[in-house]
Amino acid sequence: MAVQALDAARLPVDWVKLVQKLALPTALFVVAYGVVPAYASGYLVEAILLPFLALSLAAVGLNLLTGYCGQLSLGSSAFMTVGAFAAYNFNLRIDGLPLPATMILAGISAAGFGVVFGLPSLRLRGFYLAVSTLAAQFFVQWALTKFGWFSNDNPSGVISAPHLAVAGLSLDSATGRYLLSVTTVMVLTALVWRLVNSATGRNFIAVRDNETAARVIGVPVLRTKLLAFAISSFIIGIAGVLWAFTYLRTVEPAGFNLDRSFQILFIIIIGGLASIRGAFLGAAFIVVLPLFLSRLGAFLFGGLFDSGVLDMSQRIVLGALIIIFLIAEPSGLSALFDRLKRRIGSRSS
């Protein structure tokens, strides 16, 4: 009887913890699939949510490689390019190929490309590895301009995104493209979360912290590095598909320049390394920052604050913030979010 009474007393506490744990995911699900499609304006979807989702997914992929496995990469934009052009060519050359299959094949193509350029990680580390992955960017740009087959022999190299449809349902509208993006991001983010909390994720962290110690305890270091490059490139490749197909609506090399690689790297630095949530916080910051600076500059300086001044101001502010975060809070916005949550929890209790 005493044991039953004790279990009955514990039951409400377990339900409270379960509700608290599910509250945020449930709220996000309701907002993503209920509130946004019903009430969001076209500008909010086209100019903010679509780039936010694509960049968030790319940041999740890079954070898996750099934040969790410790392999510094500057080739994110190249992997996005491979994913976008692979998806375009699969869709063009295989009649009737479903959109989900197209995206998966594009991700596999980017993963194979990532493994090839991840091979130097078996010998190189840090700055030298970053430079070797940077070569992927120049190789992709050269290949796309050298071989017109990738762009269907289009003289300009700029091609329109194909018609988007799943199970006969058209997704070409802003809302349809948003639903495609948010579903893809949610599914892949859930899989990454499951991965980093598995034995493979612990292997990633062991390699990041100390390769020698990881090898001593039996972690297959070389295979773990290549697996990290493959999975990261797969995710970033699909992010490239979303960037080209749902946001830009064109597939062109100019949409995946070197600045995009640095942008994704800045996202995980500001958001927080080894943090899935940090990828979304950093992407939100990067997307909203130009809009905030534009409104603030127009308010303070009027017509003097043109697009050139905005671009330069954005670079200055972003560079200063990166330095501040690296010095004051290396764990980024994710750590600040946790600190704020703890303070709110302590006050409420």
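Residues numbered from 1 in each chain as written. Predicted model: local features only at pLDDT ≥ 70, side-chain atom pairs only at ≥ 80, totals over all residues. Heavy atoms only, no water.

A. Focus on helix 4 (residues 99–118). For helix 4, spanning 20 residues, the distance from its first C-alpha to its last is 28 Å, which sits close to the expected 28 Å at 1.5 Å a residue. Inspection of helix 4 places Leu 99, Thr 102, Met 103, Ala 106, Gly 107, Ala 110, Ala 111, Phe 113, Gly 114, Phe 117 and Gly 118 among the buried residues, and these make up the whole buried set. Buried residues along helix 4 sit against helix 3 (76–93), helix 5 (126–146), strand 2 (165–166), helix 6 (174–196) and helix 9 (221–248). (Helix = DSSP H or I, 4+ residues; strand = E, 2+ residues; numbered from the N terminus. Expected span 1.5 Å × (residues − 1). Buried < 20%, exposed > 50% of the residue type's maximum accessible area, 1.4 Å probe, protein only. Contact = heavy atoms within 4.5 Å.)

B. Molecular detail of the pattern of salt bridges. Overall, the coordinates contain seven salt bridges when judged by the stated rule. Between Arg 125 and Glu 211 there is a salt bridge whose closest N-O contact spans 3.0 Å. Note that Arg 125 is positioned in the loop between helix 4 and helix 5 and Glu 211 in helix 8 (residues 211–216), a separation of 86 residues in sequence. Accessibility expressed as a relative area gives 53% for Arg 125, which makes it exposed. Residue Glu 211 pairs with Lys 225 through a salt bridge whose shortest N-O separation is 2.7 Å. Pair noted here: Glu 211 is in helix 8 and Lys 225 is in helix 9, with a separation of 14 residues, a long-range link. What makes Lys 225 buried here is its relative accessible area of 2%. Bridged by salt links that share partners, the residues Arg 125, Glu 211 and Lys 225 form one connected network. (Salt bridge = Lys/Arg side-chain N within 4 Å of Asp/Glu carboxyl O.)

C. Molecular detail of the side chain of Gln 71. Along the chain, the position of Gln 71 falls in the loop between helix 2 (42–68) and helix 3. On the basis of relative accessible area, Gln 71 is assigned to the buried category, the value being 4%. Looking at Gln 71, its side chain comes within polar contact range of the main-chain oxygen of Cys 69, at 3.1 Å. Residues within four places of Gln 71 in sequence aside, it is in contact with Leu 65, Thr 66, Ser 121, Leu 129, Val 207, Glu 211, Lys 225 and Phe 229. (Polar contact = N/O pair within 3.5 Å; in protein donor to acceptor, adjacent residues only side chain to side chain.)

D. Quick peek at the side chain of Glu 211. Since its relative accessible area comes to 10%, Glu 211 is described here as buried. A distance of 3.0 Å separates the side chain of Glu 211 from the side chain of Arg 125, its partner in a polar contact.

E. Representation of a positive patch on the surface within the structure. A cluster of like positive charges, contributed by Lys 341, Arg 342, Arg 343 and Arg 347, occupies part of the molecular surface. Its location among the elements puts Arg 342 in helix 13 (residues 332–348). Take Arg 342: its relative accessible area is 55%, and that puts it in the exposed class. (Patch = residues over 30% accessible without salt bridge, like charges linked within 9 Å, V, L, I, M, F, W, Y side chains within 5 Å. Areas by Shrake-Rupley, 256 points an atom, 1.4 Å probe, with all protein chains shown as cover. Lys, Arg positive; Asp, Glu negative; His and termini not counted. Charge placed at Lys NZ, Arg CZ, Asp CG, Glu CD.)

F. Representation of unusual backbone geometry in the model. Of note, Asn 152 is a non-glycine position whose phi angle comes to about 60°, a positive value. Residue position: Asn 152 is located in the loop between helix 5 and strand 1 (159–160). By relative accessible area, which is 38% here, Asn 152 ends up partly exposed. Here Ala 167, not a glycine, exhibits a phi torsion of approximately 55°, which is positive. Here Ala 167 shows up in the loop between strand 2 and strand 3 (169–170). Given the relative accessible area of 86%, Ala 167 is considered exposed.

G. Local environment of the nonpolar core. Membership of the largest hydrophobic core comes to 92 residues, with the highest contact counts inside it found for Leu 57, Leu 64, Phe 113, Tyr 178, Phe 245 and Val 251. With 16 residues, helix 2 is the largest single contributor of residues to this core. Beyond its immediate sequence surroundings of up to four residues, Phe 113 is in contact with Ala 78, Phe 79, Val 82, Ala 136, Phe 139 and Val 140. (Core = buried A, V, L, I, M, F, W, Y, C linked by side-chain atoms within 4.5 Å.)

H. Fine view of the packing of aromatic side chains. Following the criterion strictly, the structure yields 11 aromatic pairs and no others. Aromatic side chains Phe 117 and Phe 139 sit 6.0 Å apart centroid to centroid with 50° between the ring planes, which places their arrangement in the tilted category. With Phe 117 in helix 4 and Phe 139 in helix 5, this pair connects stretches of sequence that are 22 residues apart. Phe 139 gets classed as partly exposed once you look at its relative accessible area, which sits at 40%. (Phe/Tyr/Trp six-rings, centres within 6.5 Å; stacked < 30°, edge-to-face > 60°.)

I. Local environment of the packing of helix 10 (residues 258–271) against helix 11 (residues 276–301). Two elements in contact, helix 10 and helix 11, have axes separated by 7 Å at closest approach and are oriented at 115°. Our pair here, helix 10 against helix 11, has a crossing hand that is right-handed. Between helix 10 and helix 11, the contacting residues are Gln 263, Ile 267, Ile 270 and Gly 271 on the first element and Gly 278, Ala 279, Gly 282, Ala 283, Phe 285 and Ile 286 on the second. Across the contact of helix 10 with helix 11, the residue classes tally to six nonpolar, four polar and no charged. (Axes fitted to C-alpha atoms, helices over the stretch in contact; angles between N-to-C directions. Left-handed = near helix turned anticlockwise from the far one by under 90°. Nonpolar A, V, L, I, M, F, W, Y, C, P; charged D, E, K, R; others polar.)

Read these as layout, nothing more, since geometry by itself doesn't imply function.
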